[in-house]
Number of protein chains: 2
Amino acid sequence: MSDVPLTLDEVHALATRCLAANGCDGANAAALADTLTAAEGDLCVSHGLFRLPGYVAALRSGKVNGAADPGVDEIAPSVVRVDGDGGFAPLALVRGREPLAEKARDQGIAALVLVDIHHFAALWIEVEALAEQGLCAFAFTASKALVAAAGGTRPFFGTNPVSFGWPRRSGPPMVFDQASAAMARGEVMIAARDGHDLPPGVGLDADGKPTTNAKEILAGTQLPFGGYKGSSVALMVEILAAGLIGERFSFEASERDNNDGGPARGGELMLAIDPRRFGDAEGYLDHTETLFEKMLAQDGVRLPGDRRHANRETTRDGGVTVPKALHDQIVGLAAGS
Amino acid sequence: MSDVPLTLDEVHALATRCLAANGCDGANAAALADTLTAAEGDLCVSHGLFRLPGYVAALRSGKVNGAADPGVDEIAPSVVRVDGDGGFAPLALVRGREPLAEKARDQGIAALVLVDIHHFAALWIEVEALAEQGLCAFAFTASKALVAAAGGTRPFFGTNPVSFGWPRRSGPPMVFDQASAAMARGEVMIAARDGHDLPPGVGLDADGKPTTNAKEILAGTQLPFGGYKGSSVALMVEILAAGLIGERFSFEASERDNNDGGPARGGELMLAIDPRRFGDAEGYLDHTETLFEKMLAQDGVRLPGDRRHANRETTRDGGVTVPKALHDQIVGLAAGS
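No experiment lies behind these values; they were computed from the predicted model shown.

### Points about the overall build of chain A
In terms of helices and strands, chain A carries 12 helices and 12 strands. Against the compact-globule benchmark of 20 Å for 337 residues, chain A has a radius of gyration of 20 Å, which places it among compact chains. Relative to its full complement of 337 residues, chain A shows a buried share of 63%. In chain A, the proportion of contacts linking residues at least 24 apart, taken out of those at least 6 apart, comes to 67%. Total accessible area computed for chain A in this model is approximately 12,000 Å², and 50% of it derives from carbon and sulfur atoms. Averaging the positions of the 30 positive and the 44 negative side-chain charges in chain A gives two centres separated by 3 Å.

Right under this line is the structure:
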């Protein structure tokens, strides 16, 4: 089965058309298509068009509000809150971004609380948008119970990614975005689809036994990265993206989700820091470049995100290729089938 | 060689006497003795009296100012900065704690920048002190180049711990404190001292080859936990505890430190969040207890810090035991030898 070549504009147009045909209003479809296209452009395929059928399923089941109108409030001098109105996360993030950035510049550090959203995308996209404005940023989100706590054998945590971004003097910011699972859910899903085995340590089967079979892991549980330390990170994400802000823990999302294949309701926490307010306004950019240079001078060492940025250069003009089965499915969903 | 039993009061008195005899003024000796005693009390022996000879070495070499008088400034509406005056971290942390807590309560979130300090202790101690006041808190600090970046074979990052704390309705807060190295430096040092082998993955020898020999690792490099993900966490800590605040990266600290065995000059970043300002003031404590209960209902799963808290119950009345060689060394240092 051959792949379908698409320019990024075509990716965006296809996503927009498919979402609009399934109940998204213009603002939501645009924000979501921007997010999907950014993922495709960096060749993060597990967060690109691959997710579109899940988004559509959540619209068709009525779980997600395709016409969500997220509202922004200041709930403390350094805290902005967006009520996502039951929609997908991207529009809520777009609405919260400038208020968060403004507060970070005014106060030095600020937080953005997002509730009643459905998050199904990569976090680096929202972190990079802040870092491109010269801010240091964090994002945390939980999901459904997919990953065992250290010592456990059943899904309990979400894959619970943490993303962190730092501005650079030139070029794209340094941004990492990593699941606290040993492997991102999307990668396990793609391995299951394609029949690839996974390395040891990624997950357990339904009996709690280690396995390298992706389908068995999907039926069992993923494992945290780095043993109990990754498990602690996952716990921190549950607290920040749910306990702190009054949203659902991953285990609660699993209990309440309708399992339509789309993202469960949940929350997200972002933090933004203005480095110009932290005591080294003149020096911080150049100083940190010396760290990056020293890292990159070592054989075998890369900066997080470098591969994505290299991919971005390639796809800007060269576009991407989409598996034909996925492309056919999306075209069908756009036509209402 | 037998161990020497000490009550925690005796630990505190011994540490205070030894520090005072080596150039610490009363305020610095008290803050440092509190920190060492807290570590001993939780049986974090690698951060307890085990570190005292290093503190003394740094006083005797003149690297650290035993009479440091840390000054506190507000540098942005949500950012407090403490200039540590070249002293050990504990007194700077004590001076910054209330201003940070007050700002977090006023603003919702706040940051504490610490510069020109020498940090050699566990981070959970300062995080727990904030969490006991009902705040959610983070701490980050770098050190000297001890840990390779993912893909590298030479020390580059510090062990770069991250600590996170969350208040609970009753009992001690949930606090974790974990090196972004696969193993904390102090544990590797103790294994080298006692001749114990370490698990695979902890470090490389001086030729960049994997080894389980603790002495070879000390001569080579430690490795990050969880591969490239732990390496990303270590990079984030370098940025937060040095790049953001104008202090030394771990590789810079290595270049400039006098290698007297005590802690190098560096910085620390703390963040504090008041959960009552994040949208679920009525519910957050009870809600998060449901998460903890659900975790603990699983066989084999524990909360981070539970072992420390159990140790604390034991040592409160039962005291601790200190290796005789270490005790003799400290008594000697207190007597000026």
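Right, picking up where we left off after that structure.
### Digging into the environment of Leu14 of chain B
All names here are of chain B. The residue Leu14 is located in helix α1 (residues 8-20) in this model. Taking the relative accessible area as the measure of exposure, Leu14 reaches 5% and is therefore buried. For the pair Leu14 and Glu74, spaced 60 residues apart in the sequence, the C-alpha separation amounts to 36 Å. When sequence neighbours within four positions are dropped, the list of residues in contact with Leu14 reads Leu6, His327, Ile330 and Val331.

### So, the pattern of salt bridges
All names here are of chain A. Inspection of the entire model under this criterion finds 36 salt bridges over all chains. A salt bridge links Glu289 to Arg168, with the shortest nitrogen-to-oxygen separation between them at 2.7 Å. Taken together, the residues span a long stretch of sequence, with Glu289 in helix α10 (residues 284-296) and Arg168 in the loop between β6 (162-166) and β7 (174-178) at a distance of 121 residues. Overall, Glu289 belongs to the buried group, its relative accessible area being 14%. Taking the relative accessible area as the measure of exposure, Arg168 reaches 23% and is therefore partly exposed. A salt bridge links Arg276 to Asp274; the nearest nitrogen and oxygen atoms lie 3.1 Å apart. Judged by relative accessible area, Arg276 falls into the partly exposed class, the value being 43%. The class for Asp274 is buried, based on a relative accessible area of 2%. The structure contains a network of salt bridges with shared partners spanning Asp42, Glu128, Arg308 and Arg312.

So, how was this worked out
Residues numbered from 1 in each chain as written. Chains lettered and ligands numbered in written order. Predicted model: local features only at pLDDT ≥ 70, side-chain atom pairs only at ≥ 80, totals over all residues. Heavy atoms only, no water. Helix = DSSP H or I, 4+ residues; strand = E, 2+ residues; numbered from the N terminus. Rg over C-alpha atoms; globule rule 2.2 N^0.38 Å. Buried < 20%, exposed > 50% of the residue type's maximum accessible area, 1.4 Å probe, protein only. Contact = heavy atoms within 4.5 Å. Areas by Shrake-Rupley, 256 points an atom, 1.4 Å probe, with all protein chains shown as cover. Lys, Arg positive; Asp, Glu negative; His and termini not counted. Charge placed at Lys NZ, Arg CZ, Asp CG, Glu CD. Salt bridge = Lys/Arg side-chain N within 4 Å of Asp/Glu carboxyl O.

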